[in-house]
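Overview (structure and organization)
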Amino acid sequence: MQYTMVQHMAKSLRLRGIACIGFLELEYRLFHIRKYHKQKQRMLVCGDGDFSFAASIASQIAEKGMHLTATVLESESNHLETYASSEHNIQTIRKFGHEVLFNVDATRLYDHFPL
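Since the structure is predicted, the reported quantities are computational estimates derived from the model, not experimental observations. (Residues numbered from 1 in each chain as written. Predicted model: local features only at pLDDT ≥ 70, side-chain atom pairs only at ≥ 80, totals over all residues. Heavy atoms only, no water.)

Quick word on the overall build of the protein chain
Let me state the cut-off plainly: Only DSSP runs of H or I with at least four residues qualify as helices, and only runs of E with at least two residues qualify as strands; both kinds are numbered from the N terminus onward. For this analysis, residues touch if any pair of their heavy atoms sits within 4.5 Å. Each accessible area is a Shrake-Rupley estimate made with a 1.4 Å probe; only the visible protein chains count as cover when residues are assessed.
Regarding its fold elements, the protein chain presents 6 helices and 3 strands. The N-to-C order of helical and strand elements in the protein chain reads α-α-β-α-β-α-α-β-α. Look at the contacts in the protein chain between residues 6 or more apart in sequence, and 67% of them connect residues 24 or more apart. Total accessible area on the protein chain stands at roughly 7600 Å², and carbon and sulfur atoms take up 56% of it.

The following block contains the structure:
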């Protein structure tokens, strides 16, 4: 029920041209983290821009005993030039023992995370 309501609200905001990468999508994602954290011990966030989403949930993921890996497509040097706040977010993620990876193409994850 909560999933449907959050999904509907996010869709409604998008139709009005409002970016909703804020509270609604965060709440939706955290709902799924709470629901499945016992089954999944690792979480992968792909293409997180300036790593702000991963940094915002890093402490909650650590509290649940899970490991977070946040990735972006750019090289580290290009990424830090492009995103001013990225360095602070990277430090936050690593402070909680999580991993930050660069040069990861989300369409070719098998190249970076072999089974």
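Now that the structure is up, let's keep going.
Digging into the packing of aromatic side chains
Applied cut-off: Here a Phe, Tyr or Trp ring, Trp counted by its six-membered ring, pairs with any other such ring whose centre lies within 6.5 Å, and the pair is stacked when the planes are under 30 degrees apart, edge-to-face when over 60, and tilted otherwise. Here the term buried applies to any residue with accessible area under 20% of the maximum for its type, exposed to any over 50%, and partly exposed to those in between, with areas from a 1.4 Å probe on protein chains only.
Evaluated as defined, the whole model comprises 1 aromatic pair. Arranged with centres 5.8 Å apart and planes meeting at 80°, the rings of Phe51 and Phe102 form a pair that is edge-to-face. Separated by 51 residues along the polypeptide, Phe51 in the loop between strand E1 (42-46) and helix H3 (52-63) and Phe102 in the loop between strand E3 (99-101) and helix H6 (109-112) bring together distant segments of the chain. Both residues of the pair, Phe51 and Phe102, count as buried.

Some words on the sheet that holds E1
Our working rule: Each pair of strands is called paired provided DSSP finds at least two bridges between the two strands. Working convention: axes come from line fits to C-alpha atoms, limited for helices to the stretch in contact. Angles between N-to-C directions cover 0 to 180 degrees.
Overall, parallel pairing links the 3 strands, which are arranged E1-E2-E3 in an open sheet. Each edge of the sheet is formed by a strand with only one pairing partner; in this case those strands are E1 and E3. Looking at each pair of strands side by side, their axes are set apart by 15° on average, direction ignored. When strand E2 (residues 67-71) meets E3, the two strands line up parallel, connected through 3 bridges. When the bridges of E3 are listed, Ala70 appears paired with Val100. Each of E1 and E2 touches H3; the most contacted strand, E2, lies at about 170° to it.

Looking at helix H5 (residues 86-95)
Basically, it comes down to this: Each C-beta atom gives one direction from the helix axis, and the arc is the one those directions make.
The set of residues buried in H5 consists of Ser86, Asn89, Ile90, Thr92 and Ile93. Down the axis of H5, the sector holding all buried residues measures 160°, keeping them to one side. When the buried face of H5 is taken as reference, the exposed residues oriented beyond 90 degrees from it are His88, Gln91 and Lys95. Buried positions along H5 lie against H3, E2, helix H4 (76-82) and E3.

Quick notes on H3
Looking at H3, one finds that the buried residues are Phe53, Ala54, Ala55, Ile57, Ala58 and Ile61. Downstream of H3 by a residue or two, Gly65 has a phi angle that is positive, lying close to 75°.

Thoughts on the nonpolar core
Using the following cut-off: Side-chain atoms within 4.5 Å are what join buried Ala, Val, Leu, Ile, Met, Phe, Trp, Tyr and Cys residues into a set we call a nonpolar core.
Residues Met43, Phe51, Ile61, Leu68, Ile93, Val100 and Phe102 are the most contacted members of the largest nonpolar core, which totals 16 residues. Those elements giving two or more residues to this core turn out to be E1, H3, E2 and H5. Among the elements that line this core, the one with the most residues is H3, at 5 residues. With near-sequence residues (within four places) excluded, Ile93 lies in contact with Phe51, Ala54, Ala55, Ala58, Ala70, His98, Glu99 and Val100.

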